[in-house]
Amino acid sequence: MLKIIIPTALLIPSSLLLKSTTLFLMMTIYSMLLALLSLSLFNHPLILEISNPTAHFSVNPTSTPLIILSCWLLPLMILASQNHLKTEPLNRKRTFLMTLTILQTTLIMTFAASEFILFYILFETTLIPTLIIITRWGNQIERLNAGLYFLFYTLASSLPLLITLLYLHTTYLHTSMELFYLQQPDSFPTQTAQLFWLACLLAFMVKLPLYGLHLWLPKAHVEAPIAGSMVLAAILLKLGGYGLIRISPLLNPHPPTLMFPIMVMALWGILMTSSICLRQTDLKALIAYSSVSHMGLVAAAIITQTPWGMTGAMILMIAHGLTSSALFTLANVNYERTHTRTLLLVRGLQLIFPLLSTWWLLINLTNMALPPSINLMGELLIITALFNWSAPSIILTGIGTLITASYSLYMYLMTQRGSVSTQFQLSSPTHTREHLALILHLLPLGLLILKPALISGLFI
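Note that the structure is predicted; figures quoted are calculated from it, not measured.

Caption draft 1: Region of interest: empty space enclosed by the protein. In this structure the tally under the stated criterion is three cavities of 30 Å³ or more. In this structure, the largest cavity spans a volume of roughly 70 Å³. Taken together, Ile270, Ser293, His294, Leu297, Glu379, Ile383, Thr397, Gly400, Thr401 and Thr404 make up the full set of residues lining the largest cavity. Mapped by element, the contributors of at least two residues to the lining of the largest cavity are helix H13 (283–304), helix H17 (374–389) and helix H18 (393–416). In terms of residue count, H18 provides more of the lining of the largest cavity than any other element does, four residues in total. Classifying every residue of the lining of the largest cavity by side-chain character gives three nonpolar, six polar and one charged.

Caption draft 2: Focus on the environment of proline 307. Among the secondary structure elements, proline 307 is positioned in helix H14 (residues 307–338). You can call proline 307 partly exposed: its relative accessible area is 42%. With 152 residues separating them in the primary sequence, proline 307 and phenylalanine 459 have C-alpha atoms 5.1 Å apart.

Caption draft 3: Structural view of the packing of helix H3 (residues 64–81) against helix H19 (residues 432–448). Relative to each other, H3 and H19 sit at 155°, their axes nearing to 9 Å. Taken as axis vectors, H3 and H19 run roughly antiparallel relative to one another. The handedness of the crossing between H3 and H19 is left-handed. Every residue of H19 that contacts H3 at Trp72, Leu73, Leu76, Leu79 and Ala80 is listed here: Arg433, Leu436, Ala437, Leu440, His441 and Pro444. Among the residues forming the contact of H3 with H19, the class breakdown is nine nonpolar, one polar and one charged.

Reading the values: the criteria
- Residues numbered from 1 in each chain as written.
- Predicted model: local features only at pLDDT ≥ 70, side-chain atom pairs only at ≥ 80, totals over all residues.
- Heavy atoms only, no water.
- 1 Å grid on protein atoms, 1.4 Å probe; cavity = no way out; pocket = protein on both sides within 12 Å on 5 of 7 lines; lining within 4 Å.
- Points joined across faces, edges and corners; volume = space filled by probe spheres on them.
- Helix = DSSP H or I, 4+ residues; strand = E, 2+ residues; numbered from the N terminus.
- Nonpolar A, V, L, I, M, F, W, Y, C, P; charged D, E, K, R; others polar.
- Buried < 20%, exposed > 50% of the residue type's maximum accessible area, 1.4 Å probe, protein only.
- Axes fitted to C-alpha atoms, helices over the stretch in contact; angles between N-to-C directions.
- Parallel < 35°, antiparallel > 145°, perpendicular 65-115°, else oblique.
- Left-handed = near helix turned anticlockwise from the far one by under 90°.
- Contact = heavy atoms within 4.5 Å.

The following block contains the structure:
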């Protein structure tokens, strides 16, 4: 595990000490080498066991795909941010890259933590660099408001989690995830068992986010710079899903009086947020709401606590991480050329950027879970698990997938088809680095369908 954490941590001084002329080039190369090195984590025995254990960090089949996704995203964020930082002085470029690498290091440590209290501390630590990225490098003045929403939603929801973890520590004298899986905690306070369950899950429900607790997400996404949007969509939302998967086995049996409302909110949220997407005028807000819709499926699947549901949730989390990050990269490429995110103003870009239009089509098709994408496999497993849990849920999930296809096509047609506005006819051409970033998003999506067991978490 340290072979990933230590080199990533050493990227922090590198961002401050590298020569200004080769700063972005060397950071991209080093982070890409790290991403390739992290692929060796896939080489664990295909049984439910822990590899590379230390006192505090270990890798298992659930955390491995998310650690590799975190490593894979850093070079892509650096590639996508270069134009955004073009006019900034050198010191600010260095600070930006340093903040990204600090965030990367804390994320890898969060996914690798094998103790709940350490996991909580690192989970909260990821807030700080993300908040700095949103509030310092965001595009508009509303970024401060978005940062406040993000901070207070996350902090207020995670305080009950801290209290329950401290209670577990005083009762059992440890918070090791592995020990809790081997010996189920059995002495939950009987009077407040439901509150205990809710306190454990609330922080992760807000982070996912569950519909109803999602108001911080569109604000944060719309105001964040491109790297902030990518890391939020691809990894920070997955922290919520990962936390749910980790803490759920402790809480058996799940109280039905609380489980049903959350399931209803998750399934209803799929419909509501997909419908909101059809009415969106802002491109980044549309992609942000589509994230809430997909994460509703993940939340519902994890709460069912069935092997199919958990496997589907893991696959969909990885697939959605790559797809939504690619969509934000595309939205940013459009924004850098047209300087607007309003869908009504930007039409007919297919005529100006034909290759970019191909990327739009492919990524929108993966977003709507077209076969043979990995998204389809995740959604099929989840929908089957939910149907097995309750047959009428197929109506909600079916309509949800229909609306998802509708808004994906709507997004594609609005941006690519139609007549070009005269003000965009002299747009600068796309760069190779932008195409490279998009290829590196689509390549894993295409290859993972050949062996989905790598990212399935091995629950089946």
